[in-house]
Amino acid sequence: MKSLLKRFTNWLRNNRKTLGVSLLVSLAITIFSYVVGNSIHPMAGEYAAQKQISDFRKFLGLQMGNVPDSILFINVCYDKELVPIEEEGMPVGETPITDREKLLKLLTAAKEANNYRYIFMDVLFDGLFETPVDSALFETIMSMDRIIIPDHKGTTLADERLYQKAANADYAVTWKQLTFAHYQFLHDDSIPSVALKMYADRNHLEDYGIKPHWGGLWYTDKGRLCKNGVTLFINVSINGSLLDEEGQVRERNYIYLGADLLDMDEVVPIKEQIEDKILVIGDFKGDRHTTYVGPQPGSACCINAYLMLMQGKHLVNWLNILIMFIVYTTVGTFYLRGASFQTLFANPWLGVLMSFLSTATLFMVIALIAFWHEIAFNMWVPATIYSLIDTYVQKRNLFNKKKNEKNLSTSGA
């Protein structure tokens, strides 16, 4: 034991400069990964790792995407009405929108019962369209508690008062893949997303819970360091046939507004159907986005982001940070000393095999392990930095080698 400790002490003494640089690089990677992860844009590699793990889970027959009993998805894709549309003040025809009269019937019943947990009505009330029930519908929305509607950049809501009940429902995609992989809670450090507004309302927070510091350099939630942007894990999904929590097969894990909820009112009153539920109302056919589990409605993506907040998955996990800091330091020291994966093994066959292992491969493996345990890890930042370090060290060693050969040649002459 004393011999091992002595060898380690000697190693530290001989490599203290390299280790010091590696520690600084690891700190920079940790901070930079946190900062870029808070943006609205997904990082390269997020979707690929999630997709591989999701496909592997499906191959193993593991059940995913069950809808908990606390959530009731209500599909309005077939509840449409035609409204006139104009261009430059001239009528040009009609366009379908969600039937606002049916929405009014649902909200009137929900308001009277007042036994629901929350209502996320993912229906855009665009100011371009008008219906005879608008006044009554908007008045009902404004008079209800625990309800939220979406707002999108570049659109104008039909009633100015609706902004009090609205939150941002926009998201960004990568330039290579039009996928919903990343979710930002607070936009421009002041505009709450749908998920964040729901989180704040459900927890009775006076503000939105997440607070920016130093112009969005870091964020806190009740004094705890947190992330403003997260890799979205979809544990609740809208699919055709899934098992419910009791293991019973259901044809679909949502109901239709008109054909099910409203038409069944005389048999099963709306009051009973919505009791203690989070109602998620949206067009699950027309409003779909590409995700690692397949096409999903925007409503489901927002709900999954809300669930991540409620489960505290936006809070920084210091144990995970420590583990990755150790990994970064080890890899950094390894590269700064000019080593390669091939030199780790005396066996020539293992050496050849390890020659194919790159930094990107190493961090992809780490990302896959992390995503299997639903821990977000973005490989892009560390893989890029260590690849640059590796290239620099190799070029430096090559330069020194040629310089030494030239000096030997000169002295020999």
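Structural data are supplied above this passage.
Residue numbers here run from 1 along each chain, matching the order of that chain's written sequence. Totals for whole chains, interfaces and linings use all residues, but because this is a predicted model, local features are given only for residues with pLDDT of at least 70 and pairs of side-chain atoms are given and counted only at 80 or more. Excluded from the side-chain calculations are hydrogens and water; all other atoms, namely the structure's heavy atoms, are used.

K.L.:
Explanation requested: the pairing of strand β5 (residues 147-151) in the structure shown.
P.N.:
Only protein chains enter the accessibility calculation, which uses a 1.4 Å probe. A residue is then buried if its area is under 20% of the maximum for its type, exposed if over 50%, and partly exposed in between. Only DSSP runs of H or I covering at least 4 residues are called helices, and only runs of E covering at least 2 are called strands; the numbering of each starts at the N terminus. Taken across its five residues, β5 has five buried, putting it largely inside the fold. The alternating pattern of β5 places I147, I149 and D151 and I148 and P150 on opposite faces, both of which are buried. Pairing analysis gives two bridges linking strand β4 (residues 118-122) to β5, with the strands arranged parallel. Within β5, the residue paired with F120 across the bridge is I148. Crossovers are marked right-handed if the path from the first strand over the helix to the second runs clockwise, as seen with the strands pointing away from the viewer. Taken together, β4, helix α5 (residues 134-143) and β5 constitute a β-α-β crossover, and its handedness is right-handed. A strand pair is defined by DSSP finding two or more bridges across the two strands. As judged from the three bridges shared by β5 and strand β6 (residues 166-168), these two strands associate in the parallel manner. The residue of β6 that forms the bridge with I149 is A166.

K.L.:
Looking at this structure, I do not really get the sheet that holds strand β11 (residues 218-221). What am I missing?
P.N.:
For sheets, the rule is that strands pair by backbone hydrogen bonds, running either parallel or antiparallel. Within the open sheet, the three strands sit side by side as β10-β11-β12. Their pairing is antiparallel. If you trace the sheet from one side to the other, it starts and ends with β10 (210-213) and β12 (224-226), each paired once. In this sheet, adjacent strand axes meet at a mean angle of 40° when their direction is disregarded. Two elements, β11 and β12, share three bridges in a ladder whose sense is antiparallel. Paired with D221 across the bridge in β12 is R224. Orientation is described by lines fitted to C-alpha atoms, with helices fitted over the stretch in contact, and by angles between N-to-C directions that extend from 0 to 180 degrees.

K.L.:
What is the right way to look at the sheet that holds β5 in this model?
P.N.:
Spatially, six strands are ordered β6-β5-β4-β17-β1-β16 in an open sheet, and the strand pairing comes out parallel. Of all the strands in the sheet, the pair left with one neighbour each is β6 and β16 (255-256). The strands touched by helix α6 (residues 194-202) are β4, β5, β6 and β17 (278-282); relative to β4, the strand with the most contacts, the crossing angle is about 165°. Contacts are assigned to residue pairs with any non-hydrogen atoms lying within 4.5 Å of each other.

K.L.:
I tried to follow the environment of L107 on my own but got confused; where do I start?
P.N.:
With respect to the helices and strands, L107 occurs in helix α4 (residues 100-113). Relative accessible area serves as the criterion here: at 0%, L107 is assigned to the buried category. Residues L107 and M121 lie 14 residues apart in sequence; the distance between their C-alpha atoms is 9.9 Å. If we ignore the near neighbours within four places in the chain, the residues touching L107 are I119, M121, L137, T140, I141, M144 and I147.

K.L.:
How should the pattern of salt bridges be read in this particular structure?
P.N.:
Pairing between side chains becomes possible if they bear opposite charge and their charged atoms approach one another. The term salt bridge refers to a side-chain nitrogen of Lys or Arg lying within 4 Å of a carboxyl oxygen of Asp or Glu. Tallied over the full model, the rule gives 10 salt bridges. A salt bridge links K51 to D55; the nearest nitrogen and oxygen atoms lie 2.9 Å apart. In this pair, K51 and D55 are both assigned in helix α3 (residues 46-59), four residues apart and thus about one turn of the helix distant. Look at K51 and you get partly exposed, because its relative accessible area is 28%. Here D55 falls in the partly exposed class, since its relative accessible area comes to 33%. D207 is the salt-bridge partner of K211, the closest N and O atoms lying 3.5 Å from each other. Of the residues examined, K211 reaches a relative accessible area of 43% and is grouped as partly exposed. Using a relative accessible area of 33% as the deciding quantity, one classes D207 as partly exposed.

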